[in-house]
Amino acid sequence: MSENNILGVILAGGKSNRFGEDKSKVKLNDKTLLEHTFNKIKSKFDKIVIVSNSKSQNNYITITDCIDGQLGPLVGVLSAMKWIKKNNYSYKWIATFPCDTPFFDISLVDKFVEASKKNDSMLYFAKSGEKRHNIFGLWSLKLLENLETDIIKNNHRKVEKWANKIGVKTIDILYKEIDPFFNINTKEDLAEAEKIIINYKND
């Protein structure tokens, strides 16, 4: 499937303070964390962009934050939206994925596509159990002006609070064993991921 109405976006612009180095370039088995995410979704979208403030994300369409200061994922989302507008692309949505969560279920993309067609919200986040995963999101381009205003004029930084403010629907993801939303924040998390990937089958 190549979903022409949705731009795939990998958010890799974080500071990685807890990890101590750029997580997107850290290897898990023989691939970087960025490669794990990119390779998983590359057949699902006709175009994918990486939002990264790193100077060397080779072989990818890479954009930097449109506002300096590494102000968080909301700025990354806004940057992707503004890139679409600047280049006159016809995408109506962006689907966002973090670069540090390599075990997510690829069926989430199909659920995003279904949501975009249903179009009963301008924002959807993945959810497992009682936990909402705010970086796994489907964002309507109609949110651009509101988002830009809230970031620049109203100093919004937290995805959670902003989403609650404008309204968000959730997409339930069920799992029995490996937590698909296990994310790598520390070196200890990476060691745990190295154990998990031995029996991982979702790539």
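Just so we're clear, the structure is a prediction, and the values are computed from it rather than from any experiment.

Turning our attention to the overall build of the chain. What the chain contains, in helices and strands, is six helices and nine strands. Per-residue burial over the chain gives 50% buried out of 203 residues. Long-range contacts, defined as pairs at least 24 residues apart, comprise 71% of the intrachain contacts of the chain with a sequence gap of at least 6. By element, 45% of the accessible surface of the chain is carried by carbon and sulfur atoms, the whole surface being about 10,500 Å².

Once that is clear, we can look at helix α4 (residues 144-152). All of the buried residues along α4 are Leu144, Leu147, Asp150 and Ile151. Each buried residue of α4 sits inside an arc of 140° when the element is viewed along its axis, so together they form one side. In this structure, α4 carries Glu145 and Ile152 as exposed residues pointing more than 90 degrees from its buried face. Of the surrounding secondary structure, the elements contacted by the buried residues of α4 are α2 (73-86) and α5 (159-166).

Before going further, it helps to spend a moment on the packing of aromatic side chains. This structure, assessed with the given rule, holds 13 aromatic pairs. The interplanar angle of 45° and the centroid separation of 6.1 Å between the aromatic rings of Trp93 and Tyr124 together place this pair among those described as tilted. With Trp93 in strand β6 (residues 93-98) and Tyr124 in strand β7 (residues 123-128), the pair connects residues that are 31 residues apart, well separated along the chain. Classification of Tyr124 as buried rests on a relative accessible area of 4%. Grouping aromatic residues by their ring pairs yields a cluster made of Phe45, Phe97, Phe104, Phe112, Phe136 and Phe181. Over the ring of Phe104 we find Lys40, and its NZ or CZ is 4.5 Å from the ring centre.

What follows deals with the packing of α4 against α5. Between two packed helices, both the angle of their axes relative to each other and the distance between the axes serve to describe the pair. Closest axis-to-axis distance for the α4/α5 pair is 12 Å, and the angle between their directions is 130°. The angle between α4 and α5 places the two elements in the oblique class. Classified by chirality, the crossing of α5 by α4 is right-handed. Every residue of α5 that contacts α4 at Asn146, Leu147 and Asp150 is listed here: Trp162, Lys165 and Ile166.

Glancing now at the sheet that holds strand β4 (residues 48-51). Strand order in the open sheet made by the seven strands is β5-β4-β1-β6-β8-β7-β9, with mixed pairing throughout. A strand with exactly one partner marks an edge of an open sheet, and here the two such strands are β5 (61-63) and β9 (169-172). Taken pair by pair, the neighbouring strands of this sheet meet at an average axis angle of 30°, ignoring direction. Relative to β9, β7 is paired through four bridges, and the arrangement is parallel. Each residue of the ladder has a partner; that of Lys127, found in β9, is Asp172. Across the face of the sheet, α2 comes into contact with β1 (6-11), β4, β5, β6 and β8 (131-140) while running at roughly 145° to β1. Lying over the sheet, helix α3 (residues 107-118) contacts β1, β6, β7, β8 and β9, oriented at roughly 50° with respect to β8.

Moving on: the environment of Leu108. Here Leu108 lies in helix α3. Expressed as a C-alpha distance, the spacing of Leu108 and Ile198, which sit 90 residues apart in the sequence, is 22 Å. Not counting chain neighbours up to four residues away, the residues in contact with Leu108 comprise Ala126, Phe136, Ile171 and Ile173.

Moving on to helix α1 (residues 33-41). Residues spaced three or four apart along an α-helix face the same direction, because each turn holds 3.6 residues. The buried fraction of α1 is high, at seven of nine residues. Residues of α1 that are buried: Leu33, Leu34, His36, Thr37, Phe38, Lys40 and Ile41. In this structure, the buried residues of α1 make contact with β1, β2 (27-28), β3 (31-32), β4, β6 and α3.

For the structure shown, the criterion picks out seven salt bridges. Here Asp100 ties to Lys23 by a salt bridge, and the two come within 2.6 Å at their closest N and O atoms. Of this pair, Asp100 sits in the loop between β6 and α3 while Lys23 is found in the loop between β1 and β2, placing the two residues 77 residues apart along the sequence. A single burial state applies to Asp100 and to Lys23, both of which are buried. Across the pair Asp110 and Lys44 runs a salt bridge whose closest N-O atoms are separated by 3.4 Å. Highlighted residues: Asp110 in helix α3 and Lys44 in the loop between α1 and β4, separated in sequence by 66 residues. Accessibility expressed as a relative area gives 30% for Asp110, which makes it partly exposed. Here the salt bridges do not stand alone but share partners, grouping Lys118, Asp120 and Lys169 into one network.

Each value, and the rule that gives it
- Residues numbered from 1 in each chain as written.
- Predicted model: local features only at pLDDT ≥ 70, side-chain atom pairs only at ≥ 80, totals over all residues.
- Heavy atoms only, no water.
- Helix = DSSP H or I, 4+ residues; strand = E, 2+ residues; numbered from the N terminus.
- Buried < 20%, exposed > 50% of the residue type's maximum accessible area, 1.4 Å probe, protein only.
- Contact = heavy atoms within 4.5 Å.
- Areas by Shrake-Rupley, 256 points an atom, 1.4 Å probe, with all protein chains shown as cover.
- Arc of directions from axis to C-beta.
- Phe/Tyr/Trp six-rings, centres within 6.5 Å; stacked < 30°, edge-to-face > 60°.
- Lys NZ or Arg CZ within 6 Å of the ring centre and 35° of its normal.
- Axes fitted to C-alpha atoms, helices over the stretch in contact; angles between N-to-C directions.
- Parallel < 35°, antiparallel > 145°, perpendicular 65-115°, else oblique.
- Left-handed = near helix turned anticlockwise from the far one by under 90°.
- Pairing = 2+ DSSP bridges.
- Salt bridge = Lys/Arg side-chain N within 4 Å of Asp/Glu carboxyl O.

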